[in-house]
Amino acid sequence: MKEITVRVSRFDPATDTAPHFETYTVRVNDGARVLHALHAIHDEHDPTLVYRYCCGSGQCGSCAVRIDGEPGLACMEEARDGMTVEPLALPVQKDLAVDMEPVLKRIARIRPADDAVLPSQEEIEAIKPLRDCIECLSCVSACPALQVTDFAGPTVLRQQMRLALDPRDTQNRIDEAIEKGLFYCTTCKRCVQVCPKDIEIPGKAIEKLREIANRRGLTLPRHQEVAKLVEETGRSVARTEPTFLEQVPEVIEPEGEVRGEVGFFVGCMFNGRVPQTALDAMEVMKRNGIRVIVPHDQVCCGSPLIRTGQTSFINDLKQKNIDAFTRRGIDTVMTICAGCGATLKNDYETPFVVKDISEVLTEYGIEPPAKLDITATYHDPCHLLRGQGISKEPRELLRQVVREFREMPTQCCGAGGGVRSGVPEEAAALGAKRDEEVRKTGADVVTTICPFCEFHIADCTDVPVKNLATLLLEGYRKKDAERSDE
Amino acid sequence: MSCNYFMIVYNAQTNKMLASEIVDCHVLVIGSGGAGVRAAIEASRYGDVALVSKSIAGKGGCTTMAEGGYNAVLREADSCTIHREDTLRGGAYLNDPALVDALVTEAPERMADLIRWGAVFDVTGERKIAQRPFGGQRFPRTCYAGDRTGHEIMATLMERLDATGAEVLNEYAVIDLLTEGGRVTGAAALDTRGDLVLLQADSTVLATGGGTQVYDISTNSAAGTGDGFALGYRAGAELIDMEMVQFHPTGAVYPYDARGRLVTEAVRGEGGFLLNTRGERFMERYDPERLELSTRDVVARAIATEILEGRGTDQGGVYLDVTHLAPGEIETRLPVMLEQFLAFGVDIRKEPMVVAPTAHHIMGGLAITPECRTTLPGLFACGEVTGGVHGANRLGGNALADTQVFGKRAGEAAGKAPKREKKIDPEQVETLKGMLDAYLAGSANPAAVRRELKIAMWNGAGIFRTADELGGALATIDRLAGLPLRAASPQNLIECCTVRNMCTTASLVVRSALLRPENRGAHVRKDVTTSWEPAASLYGHTRISLQGARIEQREGTA
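Residues numbered from 1 in each chain as written. Chains lettered and ligands numbered in written order. Predicted model: local features only at pLDDT ≥ 70, side-chain atom pairs only at ≥ 80, totals over all residues. Heavy atoms only, no water.

1. Things to note about the packing of aromatic side chains
All names here are of chain A.
Next up, step 1: If you walk through the whole model with that rule in mind, you get nine aromatic pairs over all chains.
Next up, step 2: Here the aromatic rings of F244 and F264 are separated by 5.5 Å at their centres, their planes lie at 80 degrees, and the arrangement is edge-to-face. Of this pair, F244 sits in helix α11 (residues 244-247) while F264 sits in strand β9 (residues 260-265); the two residues are 20 residues apart in sequence, bridging distant segments of the chain. The pair formed by F244 and F264 is uniform in burial state, with each residue classed as buried.
Next up, step 3: One aromatic cluster is present, formed by F265, F325 and F352 through successive ring pairs.
Next up, step 4: In this structure, K318 packs its charged tip against the face of Y348, placed 5.7 Å from the ring centre. (Phe/Tyr/Trp six-rings, centres within 6.5 Å; stacked < 30°, edge-to-face > 60°. Helix = DSSP H or I, 4+ residues; strand = E, 2+ residues; numbered from the N terminus. Buried < 20%, exposed > 50% of the residue type's maximum accessible area, 1.4 Å probe, protein only. Lys NZ or Arg CZ within 6 Å of the ring centre and 35° of its normal.)

Structure representation (structure tokens):
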């Protein structure tokens with residue numbers, strides 16, 4: 001037995017105006033789950049504590065709560081000393097019990113044909129990954145789109161795809177999915193992160209539903225324009241000024257000793273819209289002894305098309321990009337765009353390794369820059385944090401170049417998944433939430449590694465937004481200036 | 001179709017009959033597991049149906065936790081005759097043969113219903129429902145959806161239920177059946193606030209599932225508190241074979257607070273080995289022919305014996321090992337097991353699980369006819385709350401089939417029953433109100449009573465039993481049942497009613513166990529010797545009701 005202290009949110013709508021925390025010290029056995037700590041509170045301290053539970057083994061989805069802010073199943077998450085337990089972000093009935101029924105009611109039910117027969121093995125195998133859902137509503141609690149739109153919720157869309165895949169079903173699940181907010185999902189993958197069953201809702205449901213919608217001509221007009229541009233030019237951004245690729249040679253040699261070599265995948269945003277940031281990144285590579293090879297025949301990675309379900313010519317893009325790098329014998333490809341990086345890592349099967357710039361710089365180790373006299377915060381791009389599992393490296397690099405680093409809570413900025421172009425009011429609402437958090441930190445600058453986030457957050461806040469590479473370069477310039485002063 | 005609501009609710013704290021609800025329907029189904037929902041679906045073809053669930057329907061009960069599978073004869077090489085024989089033999093010939101006939105002949109039809117309604121079962125390359133071997137069966141006839149078969153069935157049933165007009169009352173706990181002149185006329189329930197709600201029906205279907213939560217170590221969900229056994233018993237129904245409690249051989253031992261969590265038989269079905277700390281595949285000594293796939297009673301006793309004789313692990317279990325299987329096979333066939341053990345720090349692809357027996361299923365229950373009529377007019381029952389289908393030991397995979405076959409039968413019989421003039425007995429309502437008031441004024445912590453009860457049952461009425469130990473357990477149960485339970489607030493009234501039901505169910509198990517002086521199936525008395533084969537036993541069912549308790553004696557056998 002061990003003793004742990006737990007903070008639990010208590011709320012009785014009949015008597016309280018707002019929830020408050022109560023702290024309990026309970027004895028539980030080694031390996032006890034959050035649920036067992038709640039039982040101990042209920043049995044030994046306060047029998048009026050209300051919380052829902054049933055199977056105790058992660059199969060019924062009754063007991064999801066937020067543990068230190070993260071949704072999870074009380075019966076499966078280990079109880080920690082000092083933890084905080086709150087209800088899911090749904091209307092609270094009492095204490096930790098929330099009203100699940102309104103969401104459960106929006107989950108569509110199959111309407112099989114009268115002569116429905118057993119699906120084939122292939123059809124069953126396609127459905128199965130979407131069928132593990134225990135409807136615990138963790139994803140609904142965590143989804144940022146739900147905070148600002150009437151998006152029905154990740155699991156509701158999961159079920160639309162599950163039904164669309166079932167030959168026995170008779171209903172039009174695509175039109176329903178659109179009504180339920182198919183285009184509201186930013187593909188931030190927060191739902192995957194909190195799902196106790198690891199269901200890949202954005203990749204296996206949202207994007208697939210968008211593909212079917214696309215085949216039926218239901219893609220949003222703004223997204224269709226992007227696809228047309230990519231098809232005609234190989235780029236998702238129209239040329240308005242000299243591009244990055246027009247400004248650099250195929251091989252960028254470093255200053256001094258060559259410590260390494262990477263291929264560079266620039267991405268449409270950095271190539272066409274903000275080439276200066278990519279040029280800054282090249283300076284940082286040069287400074288750190290890394291040779292950069294830039295195949296000029298690379299094209300759009302296809303991310304804006306995959307995220308919006310426009311995949312008819314995606315294989316051409318993939319092949320062109322893979323060929324561009326393999327032809328030059330490149331075994332490591334570096335990205336500086338979180339979206340391109342996640343796409344190359346997750347949607348491609350590449351014969352080469354793909355690394356984000358923050359991984360490359362961390363692996364080689366960088367020359368210490370001078371510290372800029374500013375306070376910075378960092379926005380985790382969804383496609384870097386959850387798409388590539390990268391969070392530590394950018395923070396470590398950032399700490400080396402600014403006087404002070406301040407954290408802010410992680411949340412999608414609203415730019416991804418075609419939402420910035422397709423549903424601008426949602427993107428703006430999520431962006432405004434970022435602005436609030438940015439301002440709370442009091443930082444002089446917001447740093448990030450994704451051009452979409454960078455662009456979008458810049459639209460939503462007055463605090464300057466800068467790419468990490470640009471900050472590093474500024475640090476080197478300051479260092480050089482200080483040296484020449486001496 | 002929808003039920004009528006009249007307003008009349010009793011609030012115990014204010015002692016007022018407020019504008020409370022009386023739900024009035026043709027068929028009332030109590031319980032939202034596989035049997036209850038199947039019954040509601042069927043009954044809705046005949047009239048308005050209300051399904052009352054202690055949890056959120058679809059999330060409660062044990063069906064959704066059932067992992068391994070559903071037995072049905074689907075192949076030419078198999079036959080209902082063999083399934084029948086396997087079931088009777090596994091049940092030590094205590095089963096009611098007419099119920100077994102219904103089970104084996106209709107299990108395939110009910111499986112076809114599930115497939116027609118959208119169930120996602122594993123399918124072979126030849127587009128047939130895949131089947132795996134399970135213990136005690138001569139043919140691999142267990143259909144499955146990975147190791148989340150029950151969850152799949154529940155999801156399918158909830159989708160189907162949604163397409164009917166059945167009214168679902170979530171989070172209402174039935175605390176007693178309503179009776180009028182010996183006929184069941186509905187039920188009294190508490191909502192989450194602790195307000196009393198009366199539910200009236202022409203027919204009532206009891207589908208409350210099992211009750212092994214009366215044991216310290218149990219696989220059951222929190223809802224498995226034996227409410228239905230207690231409700232039926234108090235209303236005057238007869239129950240049979242309540243001593244027959246299945247201890248599943250393989251429950252998890254860690255973490256301690258989640259001990260008893262089911263480790264599916266599918267682990268052994270897919271080829272898992274049981275090993276003691278000496279590395280011996282000990283089933284060779286207990287059932288050299290069937291080994292790990294012997295019947296559950298045999299495997300559970302073997303594991304318990306290994307542990308008792310000092311060949312168990314420090315955690316009090318034996319090893320269940322699948323590390324010789326391909327990792328990919330484990331990932332696709334046993335995903336839930338893999339995920340659960342990973343959450344507790346064990347990668348079953350690389351290291352063995354530690355398991356020990358855990359109270360799993362009550363084979364006994366309300367006596368029913370093949371039409372699911374209980375001994376009380378107006379009351380039907382299906383699923384684990386009934387007795388007779390599984391005899392003295394249930395085969396893995398027969399419980400899910402039971403829920404569907406008898407759920408359908410109960411729903412149909414209840415639905416076809418005539419409409420009646422319904423009356424509520426005011427005296428019964430007054431008695432209930434008195435009980436609720438007493439709980440609000442009580443003094444005994446229900447959590448403490450519950451804990452003591454569970455330990456008394458585990459120690460006194462477990463895998464190995466003696467009259468002495470059973471007598472000791474009964475004395476404890478009687479004492480606990482007499483304590484003045486305390487509800488800290490009206491919302492805690494349900495807990496008091498649940499503990500009351502647990503005491504009743506525990507008492508039924510122990511009293512029945514004392515009646516059977518033989519070793520048969522899951523019931524093993526260390527203080528008696530049994531010289532006959534089960535098929536030739538002198539004894540039939542134990543029968544217990546408010547009228548008394550007895551064991552059937554057969555003449556001319558043994």
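2. So, the sheet that holds strand β5 (residues 131-132) of chain B
All names here are of chain B.
Next up, step 1: Pairing in this open sheet of three strands is antiparallel, and the strands run β4-β6-β5 from one edge to the other. Of all the strands in the sheet, the pair left with one neighbour each is β4 (70-71) and β5.
Next up, step 2: Note: β5 against strand β6 (residues 142-143), two bridges, orientation antiparallel. When the sheet's bridge partners are listed, Q131 is paired in β6 with C143. (Pairing = 2+ DSSP bridges.)

3. A few points about the pattern of salt bridges
Next up, step 1: Following the criterion strictly, the structure yields 99 salt bridges over all chains and no others.
Next up, step 2: Where salt bridges share partners, they join B:R38, B:E42, B:R45, B:E109, B:R110, B:D113 and B:R116 into one cluster. (Salt bridge = Lys/Arg side-chain N within 4 Å of Asp/Glu carboxyl O.)

4. Some points on the pairing of strand β3 (residues 64-67) of chain A
Residues and elements named next belong to chain A.
Next up, step 1: Sheet topology note: the β3/strand β4 (residues 70-73) ladder contains four bridges and is antiparallel. Bridge pairing in β4 places R66 opposite P71.
Next up, step 2: Taking the residues that link successive antiparallel strands as the turn, the β3-β4 hairpin has two residues, and the phi of D68 there is positive, at about 50 degrees.
Next up, step 3: For β3 and strand β5 (residues 84-86), the ladder comprises two bridges, and the chain directions are antiparallel. If you follow R66 over to β5, its bridge partner there is E86.

5. What about the interface of chain B and chain A?
Next up, step 1: Contact residues are listed per partner, giving 53 residues for chain B and 57 residues for chain A.
Next up, step 2: On the chain B side of the interface with chain A, the three residues burying the most area are B:K59, B:E159 and B:D257, jointly 17% of the side's total.
Next up, step 3: Linking chain B with chain A are ten salt bridges, by the criterion used here.
Next up, step 4: Put simply, A:D43 and B:R451 hold a salt bridge, and the shortest N to O gap is 4.0 Å.
Next up, step 5: For the pair chain B and chain A, the number of links is 32 residue pairs in polar contact (both at pLDDT 80 or more). (Contact = heavy atoms within 4.5 Å. Buried area = accessible area lost by both parts, 1.4 Å probe. Polar contact = N/O pair within 3.5 Å; in protein donor to acceptor, adjacent residues only side chain to side chain.)

6. Quick look at the domain arrangement of chain B
Residues and elements named next belong to chain B.
Next up, step 1: Partitioning chain B into structural domains gives domain 1 (4-244 + 363-416), domain 2 (248-360) and domain 3 (426-536).
Next up, step 2: Taking the mean C-alpha position of each, domain 2 and domain 3 sit 29 Å from one another.
Next up, step 3: With nine residues of domain 2 in contact, the opposing surface of domain 3 contributes six residues.
Next up, step 4: In this assembly, domain 2 packs against domain 3 so that about 510 Å² is buried in total across both faces, 78% of it on carbon and sulfur atoms.
Next up, step 5: It is D297, R301 and P357 in domain 2 that bury the most area against domain 3; as a group they hold 65% of the surface buried on that side.
Next up, step 6: Counting the contacts that link domain 2 with domain 3 gives zero salt bridges.
Next up, step 7: Our enumeration of links across domain 2 and domain 3 arrives at one residue pair in polar contact (both at pLDDT 80 or more).
Next up, step 8: Looking at the side of domain 2 that touches domain 3, the elements that each hand over two or more residues are α8 (296-308) and β15 (353-362).
Next up, step 9: Considering each element in turn, the side of domain 2 that touches domain 3 owes the most residues, six residues, to α8.
Next up, step 10: A class-by-class count of the residues in the side of domain 2 that touches domain 3 yields five nonpolar, two polar and two charged. (Domains from an automatic or database assignment. Nonpolar A, V, L, I, M, F, W, Y, C, P; charged D, E, K, R; others polar.)

7. Quick word on the layout of surface pockets
Next up, step 1: By volume, the second largest pocket amounts to about 980 Å³.
Next up, step 2: In this structure, the second largest pocket is lined by 42 residues; those nearest its centre are A:D132, A:K197, B:P335, B:V336 and B:E339.
Next up, step 3: Going through the elements one at a time, β4, α3 (121-127) and α8 (190-194) of chain A together with α9 (327-333) and α10 (335-343) of chain B are the ones with two or more residues in the lining of the second largest pocket.
Next up, step 4: Per-element tally for the lining of the second largest pocket: the top contributor is α10(B), with six residues. (1 Å grid on protein atoms, 1.4 Å probe; cavity = no way out; pocket = protein on both sides within 12 Å on 5 of 7 lines; lining within 4 Å. Points joined across faces, edges and corners; volume = space filled by probe spheres on them.)

8. What to know about empty space enclosed by the protein
Residues and elements named next belong to chain A.
Next up, step 1: For the coordinates displayed, the defined rule picks out seven cavities of 30 Å³ or more.
Next up, step 2: What the second largest cavity holds in volume is close to 120 Å³.
Next up, step 3: C133, C136, C139, C195 and P196 are the residues nearest the centre of the second largest cavity, which is lined by 15 residues in total.
Next up, step 4: For the lining of the second largest cavity, the secondary structure elements donating two or more residues are α4 (138-142) and α6 (154-164).

9. Here we look at the state of the cysteines
Next up, step 1: In this structure the tally under the stated criterion is zero disulfides over all chains.
Next up, step 2: Between A:C453, a cysteine without a disulfide, and A:C450, which holds the nearest cysteine sulfur, the sulfur-to-sulfur distance is 3.6 Å.
Next up, step 3: Given the relative accessible area of 6%, A:C453 is considered buried.
Next up, step 4: B:C503 takes part in no disulfide bond, and the closest cysteine sulfur to it belongs to B:C496, at a distance of 11 Å.
Next up, step 5: Residue B:C503 is classed as buried on the basis of its relative accessible area of 5%. (Disulfide = S-S within 2.5 Å.)

10. What to know about the domain arrangement of chain A
All names here are of chain A.
Next up, step 1: What the domain assignment reports for chain A is domain 1 (2-98), domain 2 (103-215), domain 3 (237-356) and domain 4 (364-485).
Next up, step 2: Each side of the interface is counted separately: domain 1 has 13 residues, and domain 2 has 14 residues.
Next up, step 3: Roughly 890 Å² is buried in total at the junction of domain 1 and domain 2, and carbon and sulfur atoms are behind 57% of that figure.
Next up, step 4: Contact with domain 2 buries area across many residues of domain 1, yet E70, P71 and L90 alone supply 43% of it, more than any other trio.
Next up, step 5: Summed over the shared surface of domain 1 and domain 2, the result is one salt bridge.
Next up, step 6: Between E70 and R190 there is a salt bridge, and its shortest N-O distance comes to 2.7 Å.
Next up, step 7: For the interface between domain 1 and domain 2, the tally reads three residue pairs in polar contact (both at pLDDT 80 or more).

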